[in-house]
Amino acid sequence: MGEKTDKLYHTMDIQDVINEMNSGFDGLSDEEAQKRLEQYGRNEIEEGKKRTLFAMFLDQFKNLMIIILLAAAAISLIATKGEEITDTIIILAVVLINAVMGVVQESKAEKALDALKKMSSPFVKVKRGGSAKEIRTEELVPGDIVLLEAGDIVPADMRLIENASLKIEEAALTGESVPVEKILDPIEKHDIVIGDRKNMAYSGSNVSYGRGAGVVVATGMNTEVGKIAGHLATYDSKETPLQRKLAQMSKILSIGVVLISIIIFIVGLLQQRDPLEMFLTAVSLAVAAIPEGLPAVVTIVLAIGVQRMARNNAIIRKLSAVETLGSTQIICSDKTGTLTQNRMTVKEVFLNNSIQSAETINTGQENFETFVKAIDLCNDSKLSNKDGQPSLIGDPTETALIDFARLKKFEKQNIDQENPREAEIPFDSDRKLMSTVNKSGSGFIFNTKGAPDVLLERCSNIVVGNNTFPMTEEHKKSILQANKEMADKALRVLAVAYKNIDSVPTDLTSENNEKDLTFLGLVGMIDPPRPEAKEAVEICKHAGIRPVMITGDHRDTAAAIARELGIVSNDSEVITGAELNNLSDQDFDVEKYSVYARVSPEHKVRIVKAWKRKDKIVAMTGDGVNDAPALKESDIGVGMGITGTEVSKSVSDMVLTDDNFATIVKAVEEGRKIYSNIQKTIQFLLACNLGEVLTLFIGTMLGWTVLSPIHILWVNLVTDTLPALALGMERAEHGIMNRKPRPANSSFYSGGVGVSIIYQGIIEGLITLIAFYLGSHTGQTPSLQTGITMAFATLGLIQVFHSFNTRSMDESLFQIGVFTNPYVTGAFLISVVLQLSVIALPFLNPIFDVVQLTFMQWIYVAGLSFSIIPIVEIVKLIKRR
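Residues numbered from 1 in each chain as written. Predicted model: local features only at pLDDT ≥ 70, side-chain atom pairs only at ≥ 80, totals over all residues. Heavy atoms only, no water.

Peer 1: What is the right way to look at the overall build of the protein in this model?
Peer 2: A tally of regular secondary structure across the protein gives 35 helices and 26 strands. Among the 881 residues that make up the protein, the fraction classed as buried is 57%. For the protein, restricting intrachain contacts to residue pairs at least 6 apart in sequence, the fraction spanning at least 24 positions comes to 72%. If you sum the accessible surface of the protein, you get close to 36,700 Å²; carbon and sulfur atoms cover 56% of it. (Helix = DSSP H or I, 4+ residues; strand = E, 2+ residues; numbered from the N terminus. Buried < 20%, exposed > 50% of the residue type's maximum accessible area, 1.4 Å probe, protein only. Contact = heavy atoms within 4.5 Å. Areas by Shrake-Rupley, 256 points an atom, 1.4 Å probe, with all protein chains shown as cover.)

Peer 1: How should the packing of aromatic side chains be read in this particular structure?
Peer 2: The geometry of an aromatic ring pair is captured by two quantities: the separation of the ring centres and the angle between the planes. A full pass over the atoms with the stated rule returns 12 aromatic pairs. Taken together, a centroid distance of 6.5 Å and an interplanar angle of 25° make the contact between F588 and Y593 stacked. Taking the relative accessible area as the measure of exposure, F588 reaches 6% and is therefore buried. Aromatic side chains W704 and Y773 sit 6.3 Å apart centroid to centroid with 35° between the ring planes, which places their arrangement in the tilted category. On the criterion of sequence distance, the pair formed by W704 in the loop between α26 (661-701) and α27 (709-719) and Y773 in helix α29 (residues 753-777) is long-range, its members being 69 residues apart. One residue, R136, lies across the ring of F123, its end atom 5.0 Å from the ring centre. (Phe/Tyr/Trp six-rings, centres within 6.5 Å; stacked < 30°, edge-to-face > 60°. Lys NZ or Arg CZ within 6 Å of the ring centre and 35° of its normal.)

Peer 1: Is there a simple way to explain helix α15 (residues 396-407) in this structure?
Peer 2: Three or four residues apart is the spacing at which side chains of an α-helix point the same way, because the helix has 3.6 residues per turn. Here α15 spans 16 Å end to end across 12 residues, near enough to the 16 Å set by a 1.5 Å rise per residue. Residues of α15 that are buried include every one of T397, E398, T399, A400, L401, I402, F404 and A405, and no others. Its side-chain oxygen placed 2.9 Å from the backbone nitrogen of T397, D395 serves as the N-cap of α15. Looking one or two places after α15, you find K409, whose phi comes out positive at around 70°. (Expected span 1.5 Å × (residues − 1). Polar contact = N/O pair within 3.5 Å; in protein donor to acceptor, adjacent residues only side chain to side chain.)

Peer 1: Can you walk me through the side chain of E670 in this structure?
Peer 2: Along the polypeptide, E670 turns up in helix α26. Those residues within four positions of E670 in sequence are excluded, and the remaining contacts are G305, R308 and M309.

Peer 1: I would appreciate a short explanation of the sheet that holds strand β24 (residues 618-622) in the present structure.
Peer 2: In sheet architecture, strand pairing relies on hydrogen bonds along the backbone and comes in two forms, parallel and antiparallel. On the basis of which strands lie adjacent, the open sheet formed by 8 strands has the order β8-β26-β25-β24-β9-β21-β23-β22 and mixed pairing. Each edge of the open sheet carries a strand with a single partner, namely β8 (314-316) and β22 (574-576). Here the average twist between neighbouring strands, direction ignored, is 20°. Sheet analysis places β24 next to strand β25 (residues 636-640), joined by 4 bridges and oriented parallel. Paired with A619 across the bridge in β25 is I636. (Pairing = 2+ DSSP bridges. Axes fitted to C-alpha atoms, helices over the stretch in contact; angles between N-to-C directions.)

Peer 1: Would you explain the pairing of strand β10 (residues 345-351) in this entry?
Peer 2: It is a general feature of regular strands that their side chains alternate between the two faces of the sheet. Across the 7 residues that make up β10, a large majority, 5, are buried. Relative to strand β20 (residues 517-526), β10 runs antiparallel, the two being bridged by 6 bridges. Bridging across to β20, V346 finds its partner in M525. Relative to strand β11 (residues 354-357), β10 is paired through 4 bridges, and the arrangement is antiparallel.

Peer 1: Please clarify how the confidence of the model for the protein should be interpreted in this entry.
Peer 2: Interpreting fine coordinate detail is not advised for predicted regions of low pLDDT. Overall, the prediction assigns the protein a mean pLDDT of 84, with 89% of residues at 70 or greater. A low-confidence stretch, residues 108-121 (pLDDT under 50), is modelled with 41 contacts involving residues beyond four sequence positions or located in other chains. (pLDDT = per-residue confidence, 0-100.)

Peer 1: Would you take a moment to explain the pattern of salt bridges for this structure?
Peer 2: Opposite charge on two side chains permits them to pair, given that their charged atoms come into close proximity. Considering all chains together, one arrives at 35 salt bridges under this definition. The shortest N-O distance in the salt bridge between E532 and R530 comes to 3.7 Å. With relative accessibility at 14%, the residue R530 sits in the buried group. Through salt bridges with shared partners, one network takes in D30, R128, K133 and D144. (Salt bridge = Lys/Arg side-chain N within 4 Å of Asp/Glu carboxyl O.)

Peer 1: Even after reading the chapter, I still don't get the environment of E730, so can you show me in this structure?
Peer 2: Among the structural elements, E730 can be located in the loop between α28 (721-727) and α29. With a relative accessible area of 6%, E730 lands in the buried category. Along the sequence, E730 and K680 sit 50 residues apart, while their C-alpha atoms lie 9.4 Å from each other. If near-sequence neighbours (up to four positions away) are discounted, E730 is found in contact with K673, N677, K680, R807, N821 and V824. Separated by 3.0 Å, the side chains of E730 and R807 make a polar contact.

Peer 1: Can you help me understand the side chain of T663 in this one?
Peer 2: Its location among the elements puts T663 in helix α26. Beyond its immediate stretch of four places on either side in the chain, T663 contacts N312, N313, A314, L656 and D658.

Peer 1: I would appreciate a short explanation of the pairing of strand β2 (residues 131-136) in the present structure.
Peer 2: Pairing analysis gives 6 bridges linking strand β1 (residues 123-128) to β2, with the strands arranged antiparallel. Of the residues in β2, the one forming a bridge with R128 is S131. Hairpin connection of β1 to β2: 2 residues between the antiparallel strands, including G129 at a positive phi of 60°.

Peer 1: Just to check I follow, could you spell out the nonpolar core for this structure?
Peer 2: One broad rule of soluble globular proteins: the nonpolar side chains tend to lie buried together. Within the largest apolar cluster, 138 residues are counted, with the highest numbers of intra-cluster contacts made by F519, L522, I567, M654, F661 and F792. Per-element tally for this core: the top contributor is α26, with 16 residues. Not counting chain neighbours up to four residues away, the residues in contact with F792 comprise L707, H711, W714, V715, Q835, V838, I839, F848 and V850. In terms of nonpolar packing, the next biggest core, distinct from the first, is built from 42 residues, Y9, I45, L173 and A630 among them. (Core = buried A, V, L, I, M, F, W, Y, C linked by side-chain atoms within 4.5 Å.)

Peer 1: Is there a simple way to think about a negative patch on the surface in this case?
Peer 2: Among the surface-exposed residues, D13, D16, D185, D428 and D430 lie close enough to one another that they form a single negatively charged patch. On the secondary structure map, D430 appears in the loop between β14 (421-428) and β15 (433-440). (Patch = residues over 30% accessible without salt bridge, like charges linked within 9 Å, V, L, I, M, F, W, Y side chains within 5 Å. Lys, Arg positive; Asp, Glu negative; His and termini not counted. Charge placed at Lys NZ, Arg CZ, Asp CG, Glu CD.)

Peer 1: Even after reading the chapter, I still don't get unusual backbone geometry, so can you show me in this structure?
Peer 2: Within the chain, N313 stands out as a residue other than glycine whose phi angle is a positive 70°. By secondary structure assignment, the location of N313 is in the loop between α11 (294-311) and β8. Looking at N313, the relative accessible area reads 30%, which means it is partly exposed. Here the phi dihedral of A490 falls at roughly 65°; this positive angle occurs in a residue that is not glycine. Tracing the backbone shows A490 in the loop between α18 (473-488) and β19 (492-501).

Peer 1: Just checking my understanding: could you explain the packing of helix α20 (residues 531-542) against α26 for this structure?
Peer 2: Any two packed helices are characterised by the angle at which their axes cross and by the distance between the axes. Look at α20 against α26: their axes get within 7 Å of each other, and the N-to-C directions meet at 30°. In terms of orientation, α20 and α26 fall into the roughly parallel class. Note on packing geometry: the crossing formed by α20 with α26 is left-handed. Contacts between α20 and α26 pair E532, A533, A536, V537, I539 and C540 from the former with F661, A662 and V665 from the latter. Its residues assigned to classes, the contact of α20 with α26 shows 8 nonpolar, no polar and 1 charged. (Parallel < 35°, antiparallel > 145°, perpendicular 65-115°, else oblique. Left-handed = near helix turned anticlockwise from the far one by under 90°. Nonpolar A, V, L, I, M, F, W, Y, C, P; charged D, E, K, R; others polar.)

What follows is the structure, encoded as structure tokens:
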């Protein structure tokens, strides 16, 4: 029963389904329902297992660099019997701060399953033992007979058994913007998507029109919505490109650290130096090589970007998503509500034997008023004042007609008052027509609208200009040609006709009344593209990003919208879900297609995975429940804040508060800028660290003790970190959106960054060793402590000066402007003051193991530190030339 969700209920006759479910048209007895509740469980979505904050905290320590730091701190403490406790405390504090920041960054609430639960109403009408009664939704069981009417949320998956003009809006599940007209007959095709199973109703969809009843075939996790929840629970949290690159860099650095530390230790032993001293030197080297401030700096730079993006209508739910956006190569976008307005709109009208644009139509021409009154009167839409705002309630097709009339200054309430409805023949999906009888002067007017081919057969006359003519084959040919032209543009076309009658018919049947009509015209509607979406698609193309449309809507509609937006140029780039089913993963050439129509949630995930197999960074935008699995599978999920379901928002990495596709373009630009700034930060920090490693390595080879662990930690955490943060605030470089996206496997060291790190690190190391030599071997008072102090002062200041160099890879500092980044200027001043203070203030000297310097020694330190700027400027000049 509830377990047999793989059964193709849409292919079965009503009685066969009732028998299959061991039920009846009067429903289950209360006793049987209770048994089934115990057997199949409650009709609700199961919660997935959530990670605790403590588990997230422990995960922060699964990093090779962090493990090496902790090991160095512990061994140092044991080896020195607690004498070097300051270094250990500082290292532990750094590790803990990074771990806490990591937890804050990662504690993304998994609200998707809660949101799925909220999609269903708390109560539902069922037949139990032949009587209608209300029960709680979660008490629904397979075999229950559920009664549906307009406004209800479908509480479970069901096969329909009664239908009175029932229409159900399934956009959140299928992506199709128009409510589906439901049927009762079995459907022969087995392999069809959910949107084409018109005799079924699915959990979480909305009844927009009519009434009906169905027998429940699946509840809880066995429903289509439940399957989506199951998909979400099985997806592991993915590593972002930024996390992968940082992990790769961490691994390389860690291996290098261990190797160099071992070499230093062995060389020291061969030189017959004190093993404890050599061990502490190796620990210093490990501390020097690891950029302790990097995780914190990257997190803060990303957080600043998040704040900036929030001001531009993009809420980032996961920090690393900012950088991922910058490297996005493919944007898979849902059509309905994302690229389009999710609002049916009249685009064209065929009146007086010509197709006319809805925007520019002449409202003063003959028959226009009769035409508009007909679509207003033969219409079940209702005006509502929800929250003080006038709005329309009803079928989207009918509300589009009312909107068109209002734009042309015809108000429905005025027309209804002048022509009150006296009788009607409701819409029926079999005959595809709807008719109303309204008072008109001393008589009555009979208006009919419906499918053009059906209504045309009921018309015996046609009105053109001031004349009414008998309907001829030529007239019919002209009308059908207009219908084809409009349908070829993916417009949903309705025909409108009328006749004047003397009295309200007593026998209101279709056969006796919907005949001898006078044809008025055709009206074509579509869910139009957002005005800003076309420009956004164009910008994406300039930025080397490929937009892809994925929708549950029909092929022709999807292709027409995609052509208008510039996503496709011909129909060979369009494929349907059914066609996709016939292709194996090997035969499916994902690069060939830009539009996917009539697809299911599983197709969306398959498309995203196909792109990822080609090493592409994939963003997926969407607003429906059906988008959730693909949003989670993609590198970055982009949810819609206004029209988006809670489910889609909960699994997204980023949510657009204005539902504007163009906002993604701004986010991509911000992401590219942030990546560029992180790259500058890494270049700056690693050049500084390489300088420290070379200083210690060469110093040890020469038998010098140049720096101690506390000096390295101070430089890494204080004089390095502030300028690194300031580099994260650098403005976007010119033409950043005219470049192709970075490849997924691109390195932080690409584009000359690696070469810059090496040569700049060597220069910094050599300058620091020169400072040590000047202090320990020259001048009036040469000593080891003076040499160490000068090396420490120079190392700190040279890195602060070097922050100005790294503001641009190739451009001269004087081209971009020395003081155009006030954050770098401020970081420079603060870092210089802090670095000078630990040496100039006598009470800090014992803590940092330094001595006071003479005026001449300070001049040496300043000159050597500043020299990094002209040296790098000369290298940049040579590169540009």
